[in-house]
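Inside the fold
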Amino acid sequence: MVDEIRATLAATPARTVAAAARPRAAVLVGIVAGARPRLLLIKRSDTVPYHRGEIAFPGGRMEEADRDPWRCALREAEEEVGLPPAAVSPLGQLDDLVTSSGFVVTPFVAVIDTLPRLTLCEREVARTLTPLAAPLLVRGAWSSHLVWDGSGVRPIYSLAGGRPPIWGATAAILVDLAHRLDPPPAGGDGVAEAVAPYGAPHRPLSERAPDLVERLLAWYRPRARDLPWRRTRDPYRVWLSEIMLQQTRVETVLPYYERFLARFPTVEGLAAASEDEVLRLWEGLGYYRRARHLHAAAKEMAAAGVPVDATGWARLPGVGRSTAGAIAAICFGERAPVLDGNVKRALARLLALRVAPATPIGGRILWSCAHHLTPAADAATYTQAIMELGATCCTPRSPACGGCPWRDGCGARALDLVGEIPVAVRRGALPHHREIALVVRHGGRLLLQRRADGGLLAGLWAFPHTRAGTGEGEAEAARRLAAEVIGRTPTLAPLTRLEHAYTHFRITLHAFAGEIDAPPPAVEGEWVEIGALGERPMAVTDRTVARVVVEVAG
């Protein structure tokens, strides 16, 4: 393979890109010689801006001391992984490419006779990888994803199998080499013809970003909704709003936010509350795991202090990468990207991204876009603006494209794809289950059980429940449940029936009621006064059943 690569590169000279106004960088495409040649790749540290966790070749920006790009590639390889220059022999050069960061990168292909013991520069490199070279150097190994660069489309490549997750500039370099070793037929092979997809005509997002940000902020300032969490930079209040707004509309959140702050005005107050009290106040907002995470995170902050950057926030329960970025940007001005559902939609349309954001490659492309767009100055206003754009203008249906600040640079609008983007992951019909709730009464008390940790609606109180088996009637399932819970089968009568949809399935809930003279000596759960049902946090289905019980009893 090494001799074939040397001959191929000698026969197909590399194309170069002028770099008058752009910084130049170089990378080393190192091929470890042997019976089965391997590639030397690195996984970048999470501390590297724009490229956290990406798989790449050793390399970096040219410095004044570098006489030429080849010397730069050797120096960077030695600094990043401890590869001595004497162990590297050049084979040739690939086409220059312009990355989304605005760098002109020159890739050099070289052979490494023996791989020495590598010493990682842990500040930039998390680990090295040495996958077999042959499977990655054929055209069929790669997938092409077209995106809009402001004036036209260009391909972003990724490894078709997804493992290891190689994409972007690193993938483009390997595709260039694969096309040289395995040329496409004369009529093309259906893959985008640009072998160096980041070539001279490409407008890097980093160069488009200042204009896009300026337009966005000019649009946002006179239109920003007056929301209570926008009147403060208090991390506790911003964090609370961000958690509540996850998968929930602003109109729904507003009364919950006000009630929550009235009861728990500080993180210390929230930390000191009982879980039941927190869940009861959250009741009806849904996705109850958020409330439990909120409570757990408050306890951590009360003990260790409130984080002051995105990295610290991301360590807390229930705080993901996007939420951590939003809090850090809004409260501390950190240049931390946000990528909630509204932002994903806006950026997917800006790029005319025809791959689902929920896929690994779709997510990586959008995170890269979010990084490049987030400005160093006034990150707080930008973060609010980009979320507002997705929430009020670039909406899922009937977006207001005529009033959008990005209408002239939007790929989906230019290609007439607004209604098709973002692409959704195809899912089958939601499964439907028949569930049974058992209302057992003893005197003026009803039996409640706490839902198990780790399951659906964990931590909430519920009437004993089960799922009806295949071919099992609802009344039959209710009698089975009664025997399991209280060790007997009292006379049971239908109480109510209701339909409810969760994220991944639907249920029809059949509630049956019965009364017993004396409680069993040992039963899992608590006997609760009918008048005290309102004090126990419940899911919407159990709360509906409880209301029916109160009406019947009253």
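Because the structure is predicted, anything quoted here is derived from the model rather than measured.

1. Re the confidence of the model for the chain
The share of residues in the chain with pLDDT of 70 or more is 97%, and the mean pLDDT across the chain is 91. Per-residue pLDDT stays below 50 along residues 190-198; that stretch engages in 29 contacts with residues further than four places along the chain or on separate chains.

2. Overview of the packing of helix H12 (residues 341-351) against helix H13 (residues 360-373)
Where H12 meets H13, the closest approach of the two axes is 10 Å, and the angle between their N-to-C directions is 95 degrees. Relative to H13, the element H12 is oriented roughly perpendicular. Facing Lys344, Leu347, Ala348, Leu350 and Leu351 of H12, the residues of H13 in contact are Ile365, Leu366, Cys369, Ala370 and Leu373.

3. With respect to helix H9 (residues 289-304)
With 16 residues, H9 extends 22 Å between its outermost C-alpha atoms, agreeing within 8% with the 22 Å of an ideal straight helix rising 1.5 Å per residue. In this structure, the buried side of H9 is in contact with helix H5 (235-244), helix H6 (250-263), helix H7 (267-272), helix H8 (275-282) and helix H10 (310-314). Looking at the residues trailing H9, positive phi occurs at Gly305, about 100 degrees.

4. Focus: the side chain of Gln384
Its place among the elements puts Gln384 in helix H14 (residues 379-393). Overall, Gln384 belongs to the buried group, its relative accessible area being 10%. Contacts of Gln384, omitting those with residues within four sequence positions, involve Tyr220, Arg230 and Ile330.

5. What to know about the packing of aromatic side chains
The geometry of an aromatic ring pair is captured by the separation of the ring centres together with the interplanar angle, meaning the angle of the planes. Evaluated as defined, the whole model comprises seven aromatic pairs. On the basis of an interplanar angle of 70 degrees and a centroid distance of 5.5 Å, the ring pair of Trp70 and Phe108 is categorised as edge-to-face. Here Trp70 is found in helix H2 (residues 69-81), whereas its partner Phe108 is found in strand S7 (residues 104-112), with 38 residues between them in sequence. For Trp70, a relative accessible area of 16% puts it in the buried group. Centre to centre, the rings of Trp239 and Trp313 are 6.2 Å apart; their planes meet at 40 degrees, and the pair counts as tilted. In this pair, Trp239 is assigned in helix H5 and Trp313 in helix H10, connecting sequence segments 74 residues apart. Assessed through its relative accessible area of 0%, Trp313 is described here as buried. Aromatic ring contacts, followed pair by pair, group Tyr236, Trp239 and Trp313 into a single cluster. Taking the ring centre of Tyr256 as reference, the NZ or CZ of Arg259 above it sits at 4.8 Å. A cation over an aromatic ring shows up here: Arg536 above the ring of Trp461, its NZ or CZ 4.7 Å from the ring centre.

6. Regarding the environment of Asp517
Within the fold, Asp517 resides in the loop between strand S16 (506-515) and strand S17 (526-529). Note: C-alpha distance between Asp517 and Pro490 (27 residues apart in sequence) is 9.7 Å.

7. Remarks on the pairing of strand S12 (residues 445-450)
Relative to S12, strand S11 (residues 432-442) runs antiparallel, the two sharing two bridges. Bridge assignment links His442 to a residue of S12, and that residue is Arg445. Here S12 pairs with S17 via four bridges, running antiparallel. Bridged to Leu446 within S17 is Val528. Both S12 and strand S13 (residues 461-462) contribute to a ladder of two bridges, which runs antiparallel. Across the sheet, residue Arg450 finds its bridge partner in S13, namely Trp461.

Calculation notes
Residues numbered from 1 in each chain as written. Predicted model: local features only at pLDDT ≥ 70, side-chain atom pairs only at ≥ 80, totals over all residues. Heavy atoms only, no water. pLDDT = per-residue confidence, 0-100. Contact = heavy atoms within 4.5 Å. Axes fitted to C-alpha atoms, helices over the stretch in contact; angles between N-to-C directions. Helix = DSSP H or I, 4+ residues; strand = E, 2+ residues; numbered from the N terminus. Parallel < 35°, antiparallel > 145°, perpendicular 65-115°, else oblique. Expected span 1.5 Å × (residues − 1). Buried < 20%, exposed > 50% of the residue type's maximum accessible area, 1.4 Å probe, protein only. Phe/Tyr/Trp six-rings, centres within 6.5 Å; stacked < 30°, edge-to-face > 60°. Lys NZ or Arg CZ within 6 Å of the ring centre and 35° of its normal. Pairing = 2+ DSSP bridges.

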